[in-house]
Each structure stands twice: as structure tokens, then as C-alpha cells.
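Understanding the architecture of this molecule
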Amino acid sequence: MRSFFQRLKQGLARTHKGLTERIKETIGLAPKLDDELFADLESALIAADCGVDLAAEMTAAVRAACERDRVESSDAIVERLKTTMAGVLRGVTSDQGSTAARPRVTIFVGVNGSGKTTSIGKIGCHYARAGRRVLFAAADTFRAAAGEQLEIWAERAGAQLVKSASGGDPAAVAYDAVVAAKARGLDDVLIDTAGRLQNKANLMAELAKVRRSIDKARGDGAPPAQVLLVMDATTGQNGLVQAAEFTRAVGVDGIVLTKLDGTAKGGIVLAIAHRLKIPVLWVGVGETVDDLETFDPDEFVAALFD
Ligand code: GDP
């Protein structure tokens, strides 16, 4: 089977083509470090979904490095670009939440269809393989199918499941799940939440309520639950607006970026780091368990360029 790196590379093939090949074309073999060259680089970065501000910033950084080092080849320019990109990604520190917390509680938020349920399933499988005992909480009681889907993933991952009748109170499901995990001495609770309610204000208020009920179930002194925002990479810059809303409502500790195998442009990863200052923790490149991996900035940049 192909490695995750190869699948990530394939997922990013379109972006790679748009970025690397375009850059190589405009730079040519004997580049002239002039305005035209860097304007082209900037356009290529915008086209790759890096966002206008970041594209300008990175271009300026690459230009400064090229002029300082008096580079004379297209490869050398691309190297400066890679270093600049990796720097942007490493600028936001990431951790997976304290593993000392038991149970470690993770709330998954994000709009419908972003890949929350699937990502919980896959991450649960990863944890289970690492020997952790996992419980899923089906707190998306708004959509009956979400509970059924989570149940299938729980079987696959060998995870326990807490759910309620459809239409039940999500905060109560989350509360019960945390209490059950404490009583059973489990390592991880992964909580699925609704991605759509009657309106956005309702959704955000409900997520905040879920968060409070988890804190209550955990008791005083326990480290707070971590919130992961699941984002569909193909939504591009629109996704950033959604992310800002979730951040305001419940705080977001990390991003799970799904569907990098589709029509997504890889620059969105850089835009997230730059605009939201939230680390990308996991990236998804397909629908099976092995299509989700922890995010590695250097691996990502290599997949984009090599
Ligand atoms: P939710 O509404 O946020 O819970 O989203 P789901 O988990 O139900 O996912 C919506 C759809 O996206 C499903 O068909 C998933 O199989 C699919 N999906 C999730 N992650 C990925 C991914 O990384 N790549 C691709 N191609 N599809 C994905």
C-alpha cells in the first residue's frame, strides 16, 4: 500500500503543479530577481489559496533572502520559498492535549459535511492502535444519521459509545460520556457535535453549553477539554471565516483539515497557520482509517514541492 506521504503528495498534486511548475516556468533557468518575477510568485501563492496578505508577506521574505544570498538559479529560489513556508507552519506550536489528563476529552466542532464523524472514527482508531481506551459520544443529536455513522466507526475502532435518543440534549450526552469514561478509567473521550441547527447563534450557544457541561463532569482542577475544529480544505478561504466564528464561540485548540485529496489547494494550510494562529494537528486525504495522519510541517512542504 502507498504510504501516507505518497497519498498526501498525490492529494497535493494539483497545487504542486500550480505552484511549483508555474514558479519554475516564470523563474526560468537564469532568473532575474526583478519585480516581475516576484509579482508572479505572489500571484501563484494567491492562486494556491495562501491568502492575499500571507502571499505578500512570504514573497517579501523570499525576495529578501534571494537578494541577500544572491541566488542565481530557480532551484535556489524554490528552496528559499520552502524555508519560508515551513517557518510559517512552525510558527504555530501544536500539541495533542495533555495525555496525562484522564480521560483526555476532545470536542469536535465544524460545519456539517466537513468530516467530523469520519475524523473521530479515524482518530479513535489511531488512539486504539496506540493502546488507548477510547469512548465516542454521539452529541450530534440533531442528525440521526450521525449517531448511526459514529456507531459503525466505534465498532471499527473498538471504541465504546454513549448516545441518546435522537433529539436528545447534546450537553447531557457529553456529560454522561465524560462521567462514564471517568468511572471506567478510559483514556480518551471524543465528542461529536452538531454542525448545523436552526441558526448559527443557536449552534454556537449549544456548543458553549456542551463545553460547560463537560467541564462540570470533569470536576475542579481537571485540564480543560480540547476543541478541534474539523475543516474541509476544499472550502478554501471561506473556511477561515467559519473557523473564526467557532473560535469566538468555544475556542479552538487545533484543526483537523480534511479532504486534501480533493480539489483543495494546499496553500490553505498556510493561511490557517497565518490567519488563525491555530495549529493544524491532523490532515485527511481520503475516507479510510489510514487516510488521516498527524500533521508534520516539513513533510507537508516536501509533499508540496518534491
Ligand atoms: P460531518 O457531517 O462533519 O460529521 O461529516 P462526515 O464525517 O459525515 O463526512 C462527510 C463526508 O466527507 C463523508 O462522505 C466522508 O466520508 C467524507 N470525508 C471525510 N474526510 C474525508 C477526506 O479526508 N477525504 C475525502 N475525500 N472525503 C472525506
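This section reports on the structure supplied with the text. (Residues numbered from 1 in each chain as written. Predicted model: local features only at pLDDT ≥ 70, side-chain atom pairs only at ≥ 80, totals over all residues. Heavy atoms only, no water.)

As a further point, take the overall build of the chain. If you tally the helices and strands in the chain, you get 12 helices and 8 strands. At 21 Å, the chain has a C-alpha radius of gyration in line with the 19 Å of a compact globule built from 306 residues. Once local pairs closer than 6 in sequence are excluded, the contacts in the chain between residues at least 24 apart make up 77%. Approximately 13400 Å² of the chain is accessible, and the part contributed by carbon and sulfur atoms is 50%. The centroid of the 38 positive side-chain charges in the chain is displaced by 4 Å from the centroid of its 40 negative side-chain charges. (Helix = DSSP H or I, 4+ residues; strand = E, 2+ residues; numbered from the N terminus. Rg over C-alpha atoms; globule rule 2.2 N^0.38 Å. Contact = heavy atoms within 4.5 Å. Areas by Shrake-Rupley, 256 points an atom, 1.4 Å probe, with all protein chains shown as cover. Lys, Arg positive; Asp, Glu negative; His and termini not counted. Charge placed at Lys NZ, Arg CZ, Asp CG, Glu CD.)

Looking now at the pattern of salt bridges. Opposite charge on two side chains makes pairing possible when the charged atoms of those side chains draw close. Per the counting criterion, the structure on display carries 16 salt bridges. Close ionic contact of Arg104 with Asp188 constitutes a salt bridge, the shortest N to O distance being 2.8 Å. Placement of Arg104 in strand β1 (residues 104-109) and of Asp188 in strand β4 (residues 188-193) is noted, with a sequence separation of 84 residues between them. By relative accessible area, which is 5% here, Arg104 ends up buried. Its relative accessible area of 0% is what places Asp188 among the buried residues. The salt bridge involving Asp169 is made with Lys209; its shortest N-O contact spans 3.6 Å. Here Asp169, found in the loop between β3 (160-162) and α8 (170-184), pairs with Lys209, found in helix α9 (residues 200-218); they are 40 residues apart in sequence, far enough to count as distant. Residue classification places Lys209 among the partly exposed residues on the basis of a relative accessible area of 39%. Here the residues in one salt-bridge network are Asp35, Arg63 and Glu67, joined through shared partners. (Salt bridge = Lys/Arg side-chain N within 4 Å of Asp/Glu carboxyl O. Buried < 20%, exposed > 50% of the residue type's maximum accessible area, 1.4 Å probe, protein only.)

With that out of the way, let us pick up the environment of Ala171. Of note, Ala171 is situated in helix α8. Among the residues examined, Ala171 registers a relative accessible area of 7% and is labelled buried. The spacing of Ala171 and Lys82 is 89 residues in sequence and 44 Å in space, taken between C-alpha atoms. For Ala171, the residues in contact, after removing those within four places along its chain, are Lys209, Val210 and Ser213.

So, on to the pairing of β1. Most of β1 sits out of view: 6 of its 6 residues are buried. When β1 meets strand β5 (residues 226-232), the two strands line up parallel, connected through 4 bridges. Bridge pairing links Val109 to Leu229 in β5. (Pairing = 2+ DSSP bridges.)

A few words on the sheet that holds β5. Within a sheet, each strand pairs with its neighbour through backbone hydrogen bonds, oriented either parallel or antiparallel. Strand order in this open sheet of 8 strands is β3-β2-β4-β1-β5-β6-β7-β8, and the pairing throughout is mixed. Where the open sheet ends on each side, the last strands, each with one partner, are β3 and β8 (292-294). Here the average twist between neighbouring strands, direction ignored, is 25 degrees. On top of the sheet, helix α7 (residues 144-157) reaches β2 (134-139), β3 and β4; it is set at about 175 degrees to β2, its chief contact. Strands in contact with α9 are β1, β4 and β5; relative to β1, the strand with the most contacts, it is inclined by about 175 degrees. (Axes fitted to C-alpha atoms, helices over the stretch in contact; angles between N-to-C directions.)

Inspection of the region around the ligand gives 18 residues, with Gly113, Thr117, Thr118, Asp261 and Glu287 positioned closest. At 3.2 Å, a backbone N or O of Gly286 approaches an oxygen atom of the ligand. Among the elements that take part in the shell around the ligand, helix α6 (residues 116-129) stands out by supplying 4 residues, more than any other. (Near = heavy atom within 4 Å. Polar contact = N/O pair within 3.5 Å; in protein donor to acceptor, adjacent residues only side chain to side chain.)

So, on to helix α10 (residues 237-250). Side chains of residues three or four places apart in an α-helix project in the same direction, reflecting 3.6 residues per turn. The end-to-end C-alpha separation of α10 is 21 Å, in line with the 20 Å expected for 14 residues at 1.5 Å each. Taken together, the buried positions of α10 are Gly239, Leu240, Ala243, Glu245, Phe246 and Val250. Each element contacted by the buried residues of α10 is listed here: β1, α9, β5 and α11 (267-276). In the stretch just after α10, Gly251 is the one whose phi turns positive, near 75 degrees. (Expected span 1.5 Å × (residues − 1).)

Keep in mind that these numbers describe shape and distance, not what the molecule does.
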